[in-house]
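Remarks on the overall topology
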Amino acid sequence: MKTQMETDLKLESSLWVGNKRHLAVLTGWHLRWTEADKKNPDKKTVSVPVAEVVRVEEGRVKILPHKSVEDTGRDFTVFYVKRSNSRTTSGLLWRLGQTQFTCPSRVLRDQWTKHLWTVLKTHSPLRPHRLLVFINPFGGKNKGRQIYHSLVAPLFELAGINSHVIVTERANHARDHLLKKDLTGFDGVVCVGGDGMFNEILHGVIGKTQQEAGLCENDPAVTLQQCPLHIGIIPAGSTDCVCYATVGVIDPVTSALHIVIGDSQPLDVCSVHYGPGQVRYSVSLVGYGFYGDVLAESEKHRWMGPFRYDYSGAVVFLSNRSYSGTVQYLLADPLLSSPRDKTRCLSGCGVCSRSTERLFRNSSDSGSLYSSYSGPFSNDSEGEWMSVDGRFKCVSLTCMSSSCAKSPLGLSPSAHLADGTGDLILVWDTNPLGFLKYLHRHTTTQDQFDLPFVEVHRVKAVRFALASRGEEAEDNESLSNGMDGEDGGHIENGSRAGSLQHLAAGAKGQTMTSEDKTVTPFMCGLCCRKTPAVSVWNCDGEILPFPEIFCKIHGQLVHLYARGIEDGASLRDCTEERVESNTTCILQR
């Protein structure tokens, strides 16, 4: 049923668009105009949600190459969001649409512009008026400045947004500025760069919020305060995983328009506690083993540019490393969602919407699960935790799908942006061919979890500890004496059925030993190096020097200027509709 605002007619007139007469209708939520030519049976209606109107200007307005206004007294121009399908992704590209209307009189023109501005202010309360913009001039192909000034700044100016721009000069420049300066008056912070730049902004915004709230963010037992400042991302880096996973396309204009209209997408954040009271934050990947080794190797070859990740990945894969450790995790409610349910977190996601009410209804006691926590590996509340140990190719935790151009579905295709959980992926030691199969499936639509040596769990917290020397020696003996199993390197009792065994064991305070997970030893002749005893953690592209960590998911801790992925496969551009169908497809926020 339509709301009163939707059915309440605000304004209706005959207006001219070019040399054609149209019937224009403004309701509480939409602006529509339809060709009024009776001789044309193929009439079309353009429908624009009021929330996606960028600007209304009197006169005939052009903004490129420079803004110019020709005011005849009867014209007004509407700028709005227009969608098109992306050729390379399933997401939708946003472009600036523009239509000039001619009214019969100045009085009617003034009436239309007044009504449009009124509904804009009513239905777009989160539109930013003042933004703090950080540009990384060295990220990606060193085009951050060019992208901002040529593509983004004109849109901000058109929308009447006042921007304070800072070009960063060193690593952590943006983070330090946010922590030290007064941010009063700013509605949001925008980063022009890649995932590294976003990570700086994330740490600065979270740190500043906890600082002002008098909270110690280094204490894992603390429930962090939700951040009031929105974060906007203009993709201009080597990797733009966060932008891709929250918008669906890597396109500066699309991202800028999301900022302009004030879209708001809540986002879960994982706090990673390590060493003596230190903390980092992650939204896309906390990875040990393969992903940590790839990052460490790539740091030696920064001169290669983005290609260093492909090269380092090949080197680490051929090294065929695995690492011993103990993983403990606190399971999320399996009735709410599952990492194997084949759903995708898209714009308007029902799982995330229901989680908003659940997370904040219980916010007063949200820290109770961790109130007994006294250290990264305290056993005070061991009954609540599941535990497994053995040798792993990699251990990964992600708060989103972590999709990107090379991996369209990401590390965990059914992960959600704002449900207060993360997906823990355990890849047990296996032969190189099996691991290659797992990696290759990230580039296809095949289920990467449907392998006997892979497990995935939806969790609220994770601990990782190194194996004791006795367990490590036992692991090495198992490796040297192990017999061939399925896929040439994994025994059947270590398959997905074994996952149920270790869940049952964890409930009784028991752990699985490395005897349950054995592989056939293999060394690549091209990369015969002595395997290091421990790996490093890759925390959203930053190396953590301590292997033992504690991770906690904070539901909807920050908000992005985004709305989630609009799936181009199922959502078409709804700006043009045939009147004869008597239906109008509407995109609502």
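Rules of the game
Residues numbered from 1 in each chain as written. Predicted model: local features only at pLDDT ≥ 70, side-chain atom pairs only at ≥ 80, totals over all residues. Heavy atoms only, no water. Axes fitted to C-alpha atoms, helices over the stretch in contact; angles between N-to-C directions. Helix = DSSP H or I, 4+ residues; strand = E, 2+ residues; numbered from the N terminus. Parallel < 35°, antiparallel > 145°, perpendicular 65-115°, else oblique. Left-handed = near helix turned anticlockwise from the far one by under 90°. Contact = heavy atoms within 4.5 Å. Nonpolar A, V, L, I, M, F, W, Y, C, P; charged D, E, K, R; others polar. Buried < 20%, exposed > 50% of the residue type's maximum accessible area, 1.4 Å probe, protein only. Pairing = 2+ DSSP bridges. Salt bridge = Lys/Arg side-chain N within 4 Å of Asp/Glu carboxyl O. Phe/Tyr/Trp six-rings, centres within 6.5 Å; stacked < 30°, edge-to-face > 60°. Lys NZ or Arg CZ within 6 Å of the ring centre and 35° of its normal.

- Looking at an unreviewed UniProt entry, the protein chain carries the name DAGKc domain-containing protein, with the source organism given as Characodon lateralis.

1. Re the packing of helix α8 (residues 290–298) against helix α9 (residues 307–319)
- Running from N to C, α8 and α9 cross one another at 125°; their axes reach a closest spacing of 8 Å. The angle between the axes of α8 and α9 places the two elements in the oblique class. Crossing angle aside, the handedness with which α8 passes α9 is right-handed. Listed contacts from α9 to F290, D293, V294, E297 and S298 of α8 are R308, Y309, S312, G313, V315, V316 and F317.
- When the residues that make up the contact of α8 with α9 are grouped by side-chain class, the tally is 6 nonpolar, 3 polar and 3 charged.

2. Focus: the pairing of strand β18 (residues 386–398)
- Burial analysis of β18 places 13 of its 13 residues in the buried class, the great majority of the element.
- Relative to β18, strand β16 (residues 286–289) runs antiparallel, the two sharing 4 bridges. Residue G287 lies in a different strand from β18, and its bridge partner there is S396.

3. Here we look at the pattern of salt bridges
- Enumeration according to the criterion identifies 20 salt bridges in this entry.
- Where K406 meets D310, a salt bridge forms, and the shortest distance between an N and an O atom there is 3.0 Å. Separated by 96 residues along the polypeptide, K406 in the loop between β18 and β19 (422–428) and D310 in helix α9 bring together distant segments of the chain.
- Assessed through its relative accessible area of 40%, D310 is described here as partly exposed.

4. Quick look at helix α11 (residues 432–441)
- The set of residues buried in α11 consists of P432, G434, F435, Y438, L439 and R441.
- Elements that come into contact with the buried residues of α11 comprise α8, α9, β18, β19 and β20 (454–465).

5. A short note on helix α7 (residues 252–260)
- For α7, the buried fraction is high: 9 of the 9 residues fall into the buried class.
- Within the sequence span of α7, burial applies to P252, V253, T254, S255, A256, L257, H258, I259 and V260.
- Looking one or two residues past α7, G262 carries a phi angle of roughly 75°, positive in sign.

6. Re the packing of helix α4 (residues 173–180) against helix α5 (residues 195–213)
- Following both chains from N to C, one finds α4 and α5 inclined at 15°, their axes separated by 8 Å at the closest point. As far as their axial angle goes, α5 and α4 are roughly parallel. Two packed elements cross with a definite hand, and for α4 against α5 that hand is right-handed. In contact with H173, A174, R175, L178, L179 and K180 of α4, α5 contributes M197, E200, I201, H203, G204, V205, G207, K208 and Q211.
- Of the residues belonging to the contact of α4 with α5, the class tally is 6 nonpolar, 5 polar and 4 charged.

7. Quick look at the packing of aromatic side chains
- Under the definition given, this model contains 16 aromatic pairs.
- Each ring, one from F464 and one from W537, has its centre 5.4 Å from the other, and the planes form 85°; the classification is edge-to-face. You can see F464 sitting in strand β20 and its partner W537 sitting in strand β21 (residues 537–539), a full 73 residues away along the chain. Here F464 and W537 have matching classes, each one buried.
- Feature note: the residues W33, F76, Y80, F101 and W112 constitute an aromatic cluster, connected by ring pairs.
- If you follow R130 out to its NZ or CZ, it ends over the ring of F186, 4.1 Å from the centre.
- Residue placement shows R463 over the ring face of W385; its charged tip is 3.8 Å from the ring centre.

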